[in-house]
Structures are given as C-alpha cells and as structure tokens.
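Here is how the chains run, residue by residue.
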Amino acid sequence: LKREIAAVTLDMIRRLQPDEFETLVDLIFTRSGWRRVGRLGGNQPDVDLLLEQPLTGRRGWVQVKSSCTQAVLDEYYGRFRRSGAAGDFFFVVHTAPALCLPAEPNLHLWSGDRLADIVSEVGLFDWLLKRIR
C-alpha cells in the first residue's frame, strides 16, 4: 500500500507547474525546520533556494528541476563545489533517469519515490491534492 501511495503522490508532483514544484520544495524545507535566505527560484544563478537551519547553523544550497539528466546534475554539483559554499547540497527532481551523487553526508538527491515519501512525511499530501484538482 505504501508503494501505491508513493506512486500516486509522485504522479501528482509531476503534474505541478515548475513554480508550484519550487513552492512544494520550499514547503518541505520549511516544515523540516529550515529557513529560506533570499528569494525562491526565479533567475538566481546556480541555485533555487539558499537555506539555513537556525538551531544548528547549517546552510543548504538547493537546486530544483522538473526533469534532468546526469550531466545536468553534474553541472549543478560542480557549481556548488566551485562556489565554495559550506553546508549541504540538495538536488530535487521529480522526473529523471537513475541519477547519482558522490556518497558524502552533505550531498542529497531527492527524486522519484524518495521525493514522494518526503512529501508524505512532512504532511504535504493535502497541499498537493489541492493543487492538482
């Protein structure tokens, strides 16, 4: 049943407009205790969200894509590394082939079923349902 719920959730996520998907990702982080620094999305070079975790002081660098390839992921990961940014790198995509990042604790790839599970875990299924109707 859990896999069926994840499949339905992922299908709904994929039906969001790009700006709605960015908003969903922002809400995921907000509900997880992160705070956005600066604006959401738009034409910011290299990053869609800059975050901070107020209790720990951790910083987050988030790129959101509706779809991508490994080459696109590698490009944004390279931008993160070249920027010298400290903290965590999050790459969030709802439609992509199998992707990978180096196995490091501060690198996070959320796609497919993992993304659907996160939406459910932070209580955003109803928000998503309202956007899809």
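Throughout what follows, the structure given in this document is the object of discussion. (Residues numbered from 1 in each chain as written. Predicted model: local features only at pLDDT ≥ 70, side-chain atom pairs only at ≥ 80, totals over all residues. Heavy atoms only, no water.)

**Thoughts on the environment of Leu-115**
Stage number 1. Locating Leu-115 in the fold gives a position in helix α4 (residues 112-121).
Stage number 2. You can call Leu-115 buried: its relative accessible area is 0%.
Stage number 3. Once residues lying within four places of it in the same chain are set aside, the contact partners of Leu-115 are Ile-13, Phe-21, Ile-28, Val-92, Val-93, His-94 and Trp-110. (Helix = DSSP H or I, 4+ residues; strand = E, 2+ residues; numbered from the N terminus. Buried < 20%, exposed > 50% of the residue type's maximum accessible area, 1.4 Å probe, protein only. Contact = heavy atoms within 4.5 Å.)

**What about the packing of helix α2 (residues 18-31) against helix α5 (residues 125-132)?**
Axes are the key here: two packed helices are described by the angle between their axes and the distance separating the axes.
Stage number 1. In the contact formed by α2 and α5, the axes pass within 11 Å of each other and the chain directions differ by 170°. The angle between α2 and α5 falls in the class roughly antiparallel. The way α2 lies across α5 gives a crossing that is right-handed. Where α2 abuts α5, its residues Glu-20, Thr-23, Leu-24 and Leu-27 lie against Trp-127, Leu-128 and Arg-131. (Axes fitted to C-alpha atoms, helices over the stretch in contact; angles between N-to-C directions. Parallel < 35°, antiparallel > 145°, perpendicular 65-115°, else oblique. Left-handed = near helix turned anticlockwise from the far one by under 90°.)

**Observations concerning the sheet that holds strand β3 (residues 59-67)**
Stage number 1. Across the sheet, which stays open at both edges, the 5 strands sit in the order β1-β2-β3-β4-β5 with mixed pairing between neighbours. In this open sheet, the two edge strands, each paired with only one partner strand, are β1 (35-37) and β5 (107-111). Strand-to-strand twist in this sheet, taken as the mean axis angle between neighbours without regard to direction, amounts to 30°.
Stage number 2. Judged from the 3 bridges that link them, β1 and strand β2 (residues 49-52) form a sheet pairing that is antiparallel. In the sheet register, Val-37 faces β2, and the bridge partner there is Leu-50. (Pairing = 2+ DSSP bridges.)

**Description of the packing of α2 against α4**
Stage number 1. At their nearest, the axes of α2 and α4 sit 10 Å apart, and the two run at 60° to each other. In this view, α2 runs oblique relative to α4, as classed from their interaxial angle. Crossing of α2 over α4 shows left-handed handedness. Two secondary-structure elements touch here, α2 through Phe-21, Leu-24 and Ile-28 and α4 through Leu-115, Ile-118 and Val-119.
Stage number 2. Across the contact of α2 with α4, the residue classes break down as 6 nonpolar, no polar and no charged. (Nonpolar A, V, L, I, M, F, W, Y, C, P; charged D, E, K, R; others polar.)

**Brief notes about the side chain of Asn-106**
Stage number 1. Along the chain, Asn-106 falls in the loop between β4 (88-95) and β5.
Stage number 2. A distance of 2.9 Å separates a polar atom in the side chain of Asn-106 from the backbone oxygen of Gly-87.
Stage number 3. Once residues within four sequence positions are removed from consideration, Asn-106 is found in contact with Arg-58, Phe-80, Arg-81, Gly-87, Asp-88 and Phe-89. (Polar contact = N/O pair within 3.5 Å; in protein donor to acceptor, adjacent residues only side chain to side chain.)

**Here we look at the pattern of salt bridges**
Stage number 1. Enumeration over the complete set of coordinates arrives at 11 salt bridges.
Stage number 2. Close ionic contact of Glu-52 with Arg-35 constitutes a salt bridge, the shortest N to O distance being 2.6 Å. Note that Glu-52 is positioned in strand β2 and Arg-35 in strand β1, a separation of 17 residues in sequence.
Stage number 3. Take Glu-52: its relative accessible area is 21%, and that puts it in the partly exposed class.
Stage number 4. Arg-35 gets classed as partly exposed once you look at its relative accessible area, which sits at 42%.
Stage number 5. What you see here is one network of salt bridges that share partners, running through Arg-3, Asp-113 and Asp-117. (Salt bridge = Lys/Arg side-chain N within 4 Å of Asp/Glu carboxyl O.)

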